[in-house]
Structure formats: C-alpha cells, structure tokens
Amino acid sequence: MKAKIFFLSLVAFFALSVQAAVVDTINVRSDAMNKEIQTVIVLPGSGKITAPVIYLLHGHGGNAKTWIGLKPNLPEIADRYGIIFVCPDGKNSWYWDSPVNPSYRYETFVAKELVNYIDANYPTIKDRTARAITGLSMGGHGAMWLSFRHKDIFGAAGSTSGGVDIRPFPNNWNMSEWLGKESENQEVWEKHTVINLVEHLKNDELALIFDCGYSDFFFEVNNDFHKKLLLAFPLPVYGTDTIACGSRNILDRGRFIALFQKQPGGGFLQFSPCHFRFFLLSGSHMRHSVYVFPVQCLLNA
C-alpha cells in the first residue's frame, strides 16, 4: 500500500513538473551595444509546442525582474494560456537608439536582436501576428514606440501609464541624456515622441490598448494620444472606458476585451487601429499600474 501511494505521488510530482512554467534569467548578447543584456523568460510548461510571445517592458528605474515582481503569477498565466513572456532590461533608455549616445541602442536590441534570439532559441510562433509588446510608464512609451516603428515585427501593442508624449517633461527621467537638451534639440525630441508617430499608422497594421489613471502625471498626454488616434481613425468600435480601480485588483472586477487573446491558430486576435481601446482609471501612476495589466485583457487572472 505504501509503495502504491509512493508511486502515485511520484507520478503526480512528475505530471506537475511537466506542466509547470519555467522562469529563466539569461543574458542576451547585443552586438549593437557590445554587451550582454539580462532578460527574464517565462515559458509555459507545454514542452516543445510553439507559443505566441508577449514582450514586457519595465518603467524608469526598473530592470529585467520588474515584471515578475509586479505580477508574480506570470508563470501561472503562461501555463494557463500557453504564452511566452519576455522581460528585457532596458535600463533607463526609453527604448530608443540614442542619437547622442551610441552605447544606448535599445530599440535595435529589443525589436531586432532580442526577437531574433528568442525566435532562434525558444519554441515561438515566428510571425508578427503572434508577437505583442506592452509595458509600464517608460515601458509603455517603449512598447508604442517599437510597435509603431516595427510593424513588421509586432502585431499588437499595449501601454499602462505610458509616457506617450515626452515633450512636456524635458527635464525628467534621463531623457536629455539620450536625446540632448530639449531646448537645443527640439527637432530630435519631436521625432522621438510616440504621439507624433500616429500619422504614420495605417489601417489594419496594429492592435492597440492603453490605460491611464486620472491622477497620473501622464494622464493628459494619454488623453491627447487618444484624441489624436480618434482623429486619425474616426470610426472606433470600442473607444474609452472608465473603470474605478480602488484598492482591489481591477482584474477581479471584470474582463477586458480580448485584444491579446490567443486565436486557434496560435496568434493574437487582430483589430485595425480604429479598434483601439483606452481605459481611464482611478488612481495615481504606480497605484493603478500595479493592478492593471493590459496584456491580460481577457485573462482575469
């Protein structure tokens, strides 16, 4: 009897081991910057079955381990929905290729070198329709910046409290180190702010979702970003939602749209840009950002 119980326990242990997600912390070589970049990979425990990938970008002052700290159940989500999460260390780069500091080329790293490395070394679906990118604050800016400029790489993008227009903040968050002083480099700043890329977006190119809190210092720029998208694509299906966040996880209150829901073929559900959605939330910058996770749109995790 004891032997049977031991055997069954052993079987259960190995069954759980096969299903459990794997969290890898690796160093990825960047030839563009001549250095190794720490990256956290969360793999679903589904063996060699190919999976879509969501790239998660941290905010200013963060690192590769920021998202696994903010959302410790990422492995559970990866297992449940068969998604690979990739969290690179972007330093305080704003995910630009700096025009004044050639040692900071994080656009090239994330959009090209990292994607190529992940596709070459992990069981991904190697197609833009199965590749999404999102982030928090500086990372929200980075997700929009990279997806707008690399629509051949990413099929969907999200942002939580993203700095989608950098121009009102010329003295903040190390930006002048990568772009030069705003007063002396206005043209550079105009070219490196996400809101000015909207005019280059065409129909059926990207699926977008973004959110911001009323008390957030990025609220006005997100509102302006939303207005500019509405002008560019005047037939929105979803538009704006106002949700009271309070002190509970917003994902306990209801479901978001299935923007990043896996399709039967393994990719992500695709909408044209006029199907973007903007969530207005109560709370300040970090308060609601910890609760809202746009990538999970429907996950309710």
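Residues numbered from 1 in each chain as written. Predicted model: local features only at pLDDT ≥ 70, side-chain atom pairs only at ≥ 80, totals over all residues. Heavy atoms only, no water.

1. Some thoughts on the nonpolar core
Formed by 56 residues in total, the largest nonpolar core has its most connected members in Tyr 55, Ile 133, Met 144, Leu 146, Phe 148 and Phe 225. With near-sequence residues (within four places) excluded, Phe 148 lies in contact with Leu 197, Val 198, Leu 201, Leu 206, Leu 208 and Phe 225. Grouped together as the second largest cluster of nonpolar side chains are 16 residues, Ile 54, Leu 56, Ala 78 and Phe 85 included. (Core = buried A, V, L, I, M, F, W, Y, C linked by side-chain atoms within 4.5 Å. Buried < 20%, exposed > 50% of the residue type's maximum accessible area, 1.4 Å probe, protein only. Contact = heavy atoms within 4.5 Å.)

2. Section: unusual backbone geometry
Residues other than glycine seldom take positive phi values, yet Ser 137 does so here, at roughly 60°. Secondary-structure assignment places Ser 137 in the loop between strand E5 (131-135) and helix H5 (138-149). Ser 137 sits in the buried class, given a relative accessible area of 10%. At Ser 161, a residue that is not glycine, the phi angle is positive and equals roughly 50°. Tracing the backbone through its elements, the reader meets Ser 161 in the loop between strand E6 (156-160) and helix H6 (175-179). The class of Ser 161 is buried, set by a relative accessible area of 0%. (Helix = DSSP H or I, 4+ residues; strand = E, 2+ residues; numbered from the N terminus.)

3. Concerning the environment of Lys 181
Along the chain, Lys 181 falls in the loop between H6 and helix H7 (186-191). The class for Lys 181 is exposed, based on a relative accessible area of 54%. Here Lys 181 is in contact with Ser 176 and Trp 189, once residues within four sequence places are set aside.

4. Quick look at the pattern of salt bridges
Tallying each qualifying case throughout the model produces nine salt bridges. Between Asp 97 and Arg 105 there is a salt bridge whose closest N-O contact spans 3.9 Å. According to the relative accessible area criterion, Asp 97 is partly exposed, its value standing at 22%. Classification of Arg 105 as partly exposed rests on a relative accessible area of 34%. Notably, a salt bridge pairs Arg 131 with Asp 119, separated by 2.8 Å at the nearest N-O pair. Placement of Arg 131 in strand E5 and of Asp 119 in helix H4 (residues 106-121) is noted, with a sequence separation of twelve residues between them. Of the two residues, Arg 131 and Asp 119, both sit in the buried class. When salt bridges that share partners are traced, they join Asp 165, Arg 167 and Glu 190 into one network. (Salt bridge = Lys/Arg side-chain N within 4 Å of Asp/Glu carboxyl O.)

5. A closer look at helix H3 (residues 74-81)
For H3, every residue scored as buried is listed here: Leu 74, Pro 75, Ile 77 and Ala 78. Seen end-on, H3 carries its buried residues on one side only, within an arc spanning 160°. Elements in contact with the buried residues of H3: strand E1 (22-30), strand E2 (35-43), strand E3 (53-57), helix H2 (66-70) and strand E4 (84-88). A positive phi of about 65° marks Gly 82, the residue just after H3. (Arc of directions from axis to C-beta.)

6. Concerning the packing of aromatic side chains
What the rule picks out here adds up to eight aromatic pairs. Judged by centre distance (4.0 Å) and plane angle (15°), the ring pair of Tyr 104 and Trp 178 falls under stacked. Of this pair, Tyr 104 sits in the loop between E4 and H4 while Trp 178 sits in helix H6, placing them 74 residues apart in sequence. The buried category is assigned to Trp 178, whose relative accessible area is 6%. A connected cluster of aromatic rings, assembled from ring pairs, spans Tyr 104, Tyr 106 and Trp 178. (Phe/Tyr/Trp six-rings, centres within 6.5 Å; stacked < 30°, edge-to-face > 60°.)

7. A short note on H4
Taking the largest bend as the criterion, H4 deviates by roughly 30°, centred on Leu 114. Within H4, the full set of buried residues consists of Tyr 106, Glu 107, Thr 108, Phe 109, Val 110, Ala 111, Glu 113, Leu 114, Val 115, Ile 118 and Asp 119. Residues of H4 that are buried sit in contact with E1, E2, E3, E4, E5 and H5. (Bend = angle between axes of the 7 residues up to and from the residue.)

8. Observations regarding the pairing of E5
Within E5, five of the five residues are buried, which leaves it mostly tucked inside the rest of the structure. With burial as the criterion, each face of E5 is covered, one bearing Arg 131, Ile 133 and Gly 135 and the other bearing Ala 132 and Thr 134. Summarising the sheet, E3 and E5 pair through five bridges and their orientation is parallel. Bridging from a neighbouring strand, Val 53 pairs with Arg 131 of E5. (Pairing = 2+ DSSP bridges.)

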